[in-house]
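# Examining the three-dimensional arrangement
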Amino acid sequence: MADMTSSKSNQYFDTDYDYLIKLLSLGDSGVGKTSFLVQYTDGIFQNQFITTVGIDFREKRLTYKHNKEKSSKIHLQLWDTAGQERFRSLTTAFYRDAMGFILMFDLTNEQSFINCRNWLFELEQHAYCDRPDIVLCGNKSDIADKIVITENRARQFASDHGLPYFETSAATGQNIDVAVSCLIELIMRRMDAIISGEITLSGNNGDANIPPPMGAKKKGDVNLEEKGVSGVCNCF
C-alpha cells in the first residue's frame, strides 16, 4: 500500500526527482479551482475571487512510497485552467500533456455539476488516451446551507463514469490532500504497469492496450471500493 509525503517551496530549481507529473484542473469558472490548488500547495485559503486568465500552474514536491523498500521523488505540476468558454481553445491544448485530471464542480451550483458531462466529453476528445485518470471533486462543502448537489447524486454520477469522488473545501482543506493523492496513486499504478510491460500506450483513439481509470466498475476492472476504502479509491 503506497504512501506519500510532501515538501513545498516557492521555487524549484533543482532536477533531483524521479518523475515529473502534470495534473490539470478542469471545471466551470468560479467552482474554486485556483483556491483548491493554492490550498494544496501552500496550505492557505485564497478567499478573493480572481478569474484565471488562460492558464497558470503551481508546483509541489512529493515522495511516493511504492512499498517498504522503494520510494520515488515526484515533481508535481498542477495546471490551473480558465473555465470560461473564450479560453477553451487555449486550455484544450494542454490536455494531451497532462497525466491526470481534477474535474471540479461547485456543490452550490447546479449548472456546474451538469456541465461535468461536457468536460468529460472534451477529455475524451483531447486527452492523451480515451480514458485518462480523473478524480471528481464537489467543492465548497463548507457552505452546507447552500449545497444543492447531494452526495448520493454526485456519487452516482461518479460511479456511472468510473471516477473516484470527493467532497472538498478549499476554505477548510477538507479532502484536498486525499483527492490529489488518490489521483497520483492512480497515475503511478498506470505508469508502473506501462514500465513493467503489462500495458502499452499510444495516442488518443488508438488501439493501444490502455486500461480504464482504476476507479471504474466494469467487468475485469479493479474496483478500489471493494478494498474497503470509502470514496471508490484506495489511495493510502
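Computed from a predicted model, the values in this text were never measured in an experiment. (Residues numbered from 1 in each chain as written. Predicted model: local features only at pLDDT ≥ 70, side-chain atom pairs only at ≥ 80, totals over all residues. Heavy atoms only, no water.)

Before going further, it helps to examine the overall build of the protein. A tally of regular secondary structure across the protein gives 6 helices and 7 strands. Listed by position from the N terminus, the elements making up the protein come as β-β-α-β-β-α-β-α-α-β-α-β-α. The 236 residues of the protein split such that 50% are buried. Counting contacts in the protein only where the partners sit at least 6 residues apart, residues at least 24 apart contribute 74% of the total. Taken as a whole, the protein presents about 11500 Å² of accessible surface, with 47% of it coming from carbon and sulfur. (Helix = DSSP H or I, 4+ residues; strand = E, 2+ residues; numbered from the N terminus. Buried < 20%, exposed > 50% of the residue type's maximum accessible area, 1.4 Å probe, protein only. Contact = heavy atoms within 4.5 Å. Areas by Shrake-Rupley, 256 points an atom, 1.4 Å probe, with all protein chains shown as cover.)

The subject of this paragraph is unusual backbone geometry. Positive phi, close to 70°, is recorded for Lys140, a residue that is not glycine. Examined against the element boundaries, Lys140 turns out to sit in the loop between β6 (133-139) and α5 (151-160).

Here the focus is helix α6 (residues 176-196). Between its terminal C-alpha atoms α6 stretches 30 Å, which fits the 30 Å expected from 21 residues at 1.5 Å a residue. Positive backbone phi, approximately 85°, marks Gly197, located one or two places after α6. (Expected span 1.5 Å × (residues − 1).)

With 28 residues, the main nonpolar core has Phe36, Leu76, Ile102 and Ile184 as its most contacted residues. Secondary structure elements with two or more residues in this core: β2 (19-26), α1 (33-42), β3 (55-65), β4 (71-81), β5 (100-106), β6 and α6. Here the element with the most residues in this core is α6; it accounts for 10 residues. If we skip the residues at most four places from it in the chain, Leu76 touches Ile21, Leu23, Tyr40, Arg58, Glu59, Lys60, Leu62, Val180 and Ile184. Listed in part, the 24 residues of the second largest apolar core include Leu26, Trp79, Leu120 and Leu136. (Core = buried A, V, L, I, M, F, W, Y, C linked by side-chain atoms within 4.5 Å.)

Looking at the secondary structure, you find Gly100 in strand β5. Given the relative accessible area of 0%, Gly100 is considered buried. For the pair Gly100 and Pro132, spaced 32 residues apart in sequence, the C-alpha to C-alpha distance is 6.4 Å. Once residues lying within four places of it in the same chain are set aside, the contact partners of Gly100 are Lys22, Leu23, Leu24, Asp133, Leu183 and Ile187.

We now examine the packing of α1 against α6. Between two packed helices, both the angle of their axes relative to each other and the distance between the axes serve to describe the pair. Following both chains from N to C, one finds α1 and α6 inclined at 85°, their axes separated by 10 Å at the closest point. As summarised for this structure, α1 and α6 are arranged roughly perpendicular, according to the angle between their axes. Taking contact as the criterion, the partners of Phe36, Gln39 and Tyr40 in α1 are, on α6, Ile176, Asp177, Ala179, Val180 and Ile184. (Axes fitted to C-alpha atoms, helices over the stretch in contact; angles between N-to-C directions. Parallel < 35°, antiparallel > 145°, perpendicular 65-115°, else oblique.)

Oppositely charged side chains may form a pair once their charged atoms are brought near each other. Tallied over the entire structure, the rule returns 7 salt bridges. Across the salt bridge formed by Glu110 and Arg153, the nearest N and O atoms sit 2.6 Å from each other. Taken together, the residues Glu110 in helix α3 (residues 110-114) and Arg153 in helix α5 connect sequence positions 43 residues apart. The class for Glu110 is partly exposed, based on a relative accessible area of 31%. The closest approach of N and O atoms between Arg190 and Asp133, which form a salt bridge, is 2.9 Å. With Arg190 in helix α6 and Asp133 in strand β6, this pair connects stretches of sequence that are 57 residues apart. (Salt bridge = Lys/Arg side-chain N within 4 Å of Asp/Glu carboxyl O.)

For the rest of this paragraph, the subject is the packing of aromatic side chains. Tallying each qualifying case throughout the model produces 5 aromatic pairs. Linked through ring pairs, Phe105, Phe113, Phe157 and Tyr165 together constitute an aromatic cluster. Sitting over the face of the ring of Tyr40, Lys60 holds its NZ or CZ atom 3.9 Å from the ring centroid. (Phe/Tyr/Trp six-rings, centres within 6.5 Å; stacked < 30°, edge-to-face > 60°. Lys NZ or Arg CZ within 6 Å of the ring centre and 35° of its normal.)

Keep in mind these numbers describe shape, not what the thing actually does.
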